[in-house]
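Residue-level listing of the chains:
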Amino acid sequence: MPAPRLPSLLTGFPPVIDQHTEILILGSFPGTASLDAQQYYAHPRNQFWKLIGSLINEDLPALPYAERLLRLQAHRIGVWDVIAACAREGSLDSAIRHARHNDFALLKQECPQLRRVCFNGKTSGKQEAVFAEAGFDTLVLPSSSPAYALMTFEQKLTLWRGIMR
């Protein structure tokens, strides 16, 4: 009898980091809108760009995607996801199956100034202890996803301000 076949895996994005990155924000895995657009946080109701823009005093949602990434890097902020590949129907983290995590082993080498790793939501936040044990300052944030509606934008922003401390 042949081995059961795994569902085809979706693949995430490469990290947006460089040698000057001091803060890394890790999501779980791109949603359907992001995968379709090939852009981090592409869903129009996802609050990520508005939250980060408020922190750095720039109107990031008004900028083209490539410029958003440049502005993040100018503020020494990087973006990546915890999961490199997975099977998933839809965009909910609860639907993620067969997750394969990104390899973070070279992070200290590629980002020697990295000091803080923040997690955009509880799913990515499950990796917080791994980064804390590696010597990084860590912070688990409320998700910027439109699926997480338990907090207002202002309540989320209050907690997201911890990124910049």
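Before any of the text, the structure's been laid out above.
Conventions adopted
Residues numbered from 1 in each chain as written. Predicted model: local features only at pLDDT ≥ 70, side-chain atom pairs only at ≥ 80, totals over all residues. Heavy atoms only, no water. Disulfide = S-S within 2.5 Å. Buried < 20%, exposed > 50% of the residue type's maximum accessible area, 1.4 Å probe, protein only. Pairing = 2+ DSSP bridges. Helix = DSSP H or I, 4+ residues; strand = E, 2+ residues; numbered from the N terminus.

Observations concerning the state of the cysteines
Then, number 1: Summed over the entire model, instances satisfying the criterion amount to 0 disulfides.
Then, number 2: Summary of cysteine pairing: C111 is not part of a disulfide, and the nearest cysteine sulfur, belonging to C118, is at 14 Å.
Then, number 3: Take C111: its relative accessible area is 2%, and that puts it in the buried class.
Then, number 4: Look at C118 and you get buried, because its relative accessible area is 0%.

Some thoughts on the sheet that holds strand β4 (residues 83–87)
Then, number 1: An order of β1-β4-β5 is seen for the 3 strands of this open sheet, with the pairing classed as antiparallel. Each of the sheet's edge strands pairs with one partner strand only, and the pair in question is β1 (10–11) and β5 (97–101).
Then, number 2: Here β1 runs beside β4; their pairing, made up of 2 bridges, is antiparallel. What sits directly across from T11, in β4, is A85.

Just geometry here; none of it tells us what the structure is for.
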